[in-house]
Amino acid sequence: MSKKFLFAAALTLVVAACSNRPQPAETERLVVIDVENAIGQLEELKLSQLGTTVRYVPLETGDSCFVGNNPQVQICGAHILVTFGQQCLCFDKSTGRFVNTIGHVGEDPEGYASPNFTYNESNGLFYFVREPDQLLKYDAQGRYQGRVQIPTPPARPTMYAFCDSLIAGYYLNMARSGNHNRALLLFDESGRACDSVASQLPALPPATMQDIEAIHVWKLGLSGILLTRFSDGSVQGNITSDAIWTCDGGLRYKEEFSDTVFTLRNNRPEPVYAFHTGRWHFPAEARTQGSVSKDKLLPLSILETPQRIFFQCARNIYENNPETLNGIYDKQSGTTRMGKESAALTDDVNGFLPFRPLSCSTQGEFVSLVWPEDILPWLDEHPEAKNNPAIAPLLQIGEEDNPVVIIVQ
């Protein structure tokens, strides 16, 4: 069995390296995010650096809408979507009222493979993957709205976003094979392939099960890494994070071991942001040589709104004690600030618990979840908070209630 198939079975992760440089004409549009200087001046990151309006939305609690462990949360138009296990729950963004469950995992004609979805802002529908090569569509009321055939072969992309009238599918390295090296596939709702964008990343050399000495898995903030060590002393880190998204009406993507974010213009990639890590730059050869990667910094997760970019970088990703850092880039001022991921963002707006962004919306909202087990002790320790009108929605929370969604704009 090849190593690629082993990774696909163990975890959907990917490794890649970007060495292509933008041409002079392209650099006129390129925005440089100065990570090198910011990392030399780590500071306490604050909630007000993301936004000044904070809302707390307690999610309705009930037998049909109880949120389970390790939930993910997204804002989609007028709704809050929470996914966990095999469930996708829809709540009203204004009130937290439970709307309904959206679809279900199953092998019947309307069943999907996973509750993870992609939201199409233009039609308000949610798209779920159905194996082996379809996307199922549901509306916010949980009504099935048909399916889209994904053009194959080669194998289907791993994650999706929407660009004008087209669907963009992004291929993790695992989804690429010897007969293609695509980064993106563009297709329409009829299932017709319209275009593709080649990956700028060279393929890694093949290896077999016998080459593998050890495999380790851990989280790096919002991302995950599967680290494989080989008998010849080489290493390979396969990283998972959201690699494709939309902002300001454009489609963005970032390949995993790259320091550059691209946007599509006329279906062609153009660099739009570059994370300048300077002396901490993660070189291409570090992908397979652990000693070369020591102390090097790799940009990982990105949450982009029209005003801000919240990002995370990791240092020493092949060591036993990797360090993850948070960063905030202000598009208007051009400033970059960085701090330790373990400290989260200090709430200097309402003085509440530290804020940990989990996702963002195209309307400029950063989103997080906080559980009653964290809220109630904080309220006991801060009785004066009861006089703050902004905190009022938290005062009725019970021990067995669903989490509260925090929205920062």
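Up top is the structure.
Residues numbered from 1 in each chain as written. Predicted model: local features only at pLDDT ≥ 70, side-chain atom pairs only at ≥ 80, totals over all residues. Heavy atoms only, no water.

Observations regarding the overall build of the protein
Applicable threshold: Put simply, DSSP marks the helices as runs of H or I at least four residues long and the strands as runs of E at least two long, and each gets a number from the N terminus on. For the exposure calls, accessible area comes from a 1.4 Å probe over protein chains only, and a residue counts as buried if that area is under 20% of its type's maximum, exposed if over 50%, partly exposed in between. Here, residues are in contact when the closest pair of their heavy atoms is within 4.5 Å. Here the open area of atoms and residues is found with the Shrake-Rupley method and a 1.4 Å probe, where only the protein chains shown may cover a residue.
Scanning the protein for helices and strands turns up five helices and 28 strands. Of all 409 residues assigned to the protein, the portion counted as buried reaches 52%. Counted over contacts in the protein with a minimum sequence separation of 6, partners at least 24 positions apart contribute 53%. Only carbon and sulfur atoms are counted for the fraction: they give 47% of the accessible area of the protein, which is about 18,100 Å².

What about helix α5 (residues 372–381)?
Rule in force here: The directions considered for the arc are those from the helix axis to the C-beta atoms.
Looking only at α5, the buried set comprises Pro-372, Ile-375, Trp-378 and Leu-379. Summarising the axial view, the buried residues of α5 lie within an arc of 135°, below the 170-degree limit, and thus occupy one face. Of the exposed residues in α5, the ones pointing more than 90 degrees away from its buried face are Glu-373, Asp-380 and Glu-381. The inward-facing, buried residues of α5 abut β27 (366–370) and β28 (404–408).

A short note on the nonpolar core
Keep this limit in mind: Note on terminology: a nonpolar core comprises buried Ala, Val, Leu, Ile, Met, Phe, Trp, Tyr and Cys residues joined through side-chain atoms within 4.5 Å.
Residues Leu-50, Tyr-56, Phe-352, Phe-355, Ile-406 and Val-408 are the most contacted members of the largest nonpolar core, which totals 23 residues. Of all elements in the fold, only β2 (54–58), β27, α5 and β28 reach the threshold of two or more residues within this core. Discounting chain neighbours no more than four positions away, the residues touching Phe-352 are Tyr-56, Asp-347, Val-370, Ile-375, Trp-378, Ile-391, Leu-394 and Ile-406.

With respect to the pairing of strand β9 (residues 134–138)
Test applied: Two strands are said to pair when DSSP picks up at least two bridges between them.
Of all five residues in β9, five are buried, a share of seventy percent or more. Alternating residues of β9 divide into Gln-134, Leu-136 and Tyr-138 and Leu-135 and Lys-137, and every residue in both groups is buried. Examined bridge by bridge, strand β8 (residues 125–130) and β9 share five bridges and lie antiparallel to one another. The residue bridging Tyr-127 from the neighbouring strand is Lys-137, located in β9. Linking two consecutive strands that pair antiparallel, namely β8 and β9, is a turn of three residues. With four bridges joining them, β9 and strand β10 (residues 144–149) adopt antiparallel strand pairing. By the bridge assignment for β10, Gln-134 is matched with Gln-149. Linkage of β9 to β10, two consecutive antiparallel strands, is achieved through a turn of five residues, within which Gly-142 is found at a positive phi near 85°.

Section: the packing of aromatic side chains
The following threshold applies: A pair of aromatic rings is counted whenever rings of Phe, Tyr or Trp (Trp by its six-membered ring) have centres within 6.5 Å, and the orientation is called stacked for planes under 30 degrees apart, edge-to-face for over 60 and tilted otherwise. We count a charge as sitting over a ring when the NZ of a lysine or the CZ of an arginine lies within 6 Å of the ring centre and within 35 degrees of the ring normal.
This model, assessed by the stated rule, comprises 16 aromatic pairs. Between Phe-128 and Tyr-138 the ring centres are 5.9 Å apart and the planes differ by 85°, which places this aromatic pair in the edge-to-face class. With Phe-128 in strand β8 and Tyr-138 in strand β9, this pair connects stretches of sequence that are ten residues apart. The pair Phe-128 / Tyr-138 is uniform in exposure class, with both members buried. Summarising the aromatic geometry, the rings of Phe-282 and Tyr-318 are spaced 6.3 Å apart at their centres and angled 85° between planes, so their arrangement reads as edge-to-face. One end of the pair, Phe-282, is in the loop between β21 (268–276) and α4 (290–293); the other, Tyr-318, is in the loop between β23 (308–315) and β24 (323–330), and 36 residues separate them in sequence. Grouping aromatic residues by their ring pairs yields a cluster made of Tyr-112, Phe-117, Tyr-119, Phe-126, Phe-128, Tyr-138 and Tyr-144. Positioned above the aromatic ring of Trp-280 is the side chain of Arg-315, whose terminal nitrogen or guanidinium carbon lies 5.9 Å from the ring centre.

Let's talk about the pattern of salt bridges
Short version of the rule: By convention in these notes, a salt bridge is any Lys or Arg side-chain nitrogen within 4 Å of a carboxyl oxygen on Asp or Glu.
Counted according to the given criterion, the structure contains 16 salt bridges. Arg-143 is the salt-bridge partner of Asp-139, the closest N and O atoms lying 2.7 Å from each other. With a shortest N-O distance of 3.8 Å, Asp-248 and Lys-331 are connected by a salt bridge. Here the residue Asp-248 occupies a position in the loop between β18 (244–247) and β19 (250–253), and Lys-331 occupies one in the loop between β24 and β25 (336–340), the gap between them amounting to 83 residues. Overall, Asp-248 belongs to the exposed group, its relative accessible area being 54%. Beyond isolated ion pairs, a larger network of salt bridges with shared partners links Asp-248, Arg-252, Glu-304 and Lys-331.

Brief notes about the environment of Val-35
Relative to the helices and strands, Val-35 is located in helix α3 (residues 35–39). Linking Val-35 and Cys-313, residues 278 residues apart in sequence, is a C-alpha distance of 9.2 Å.

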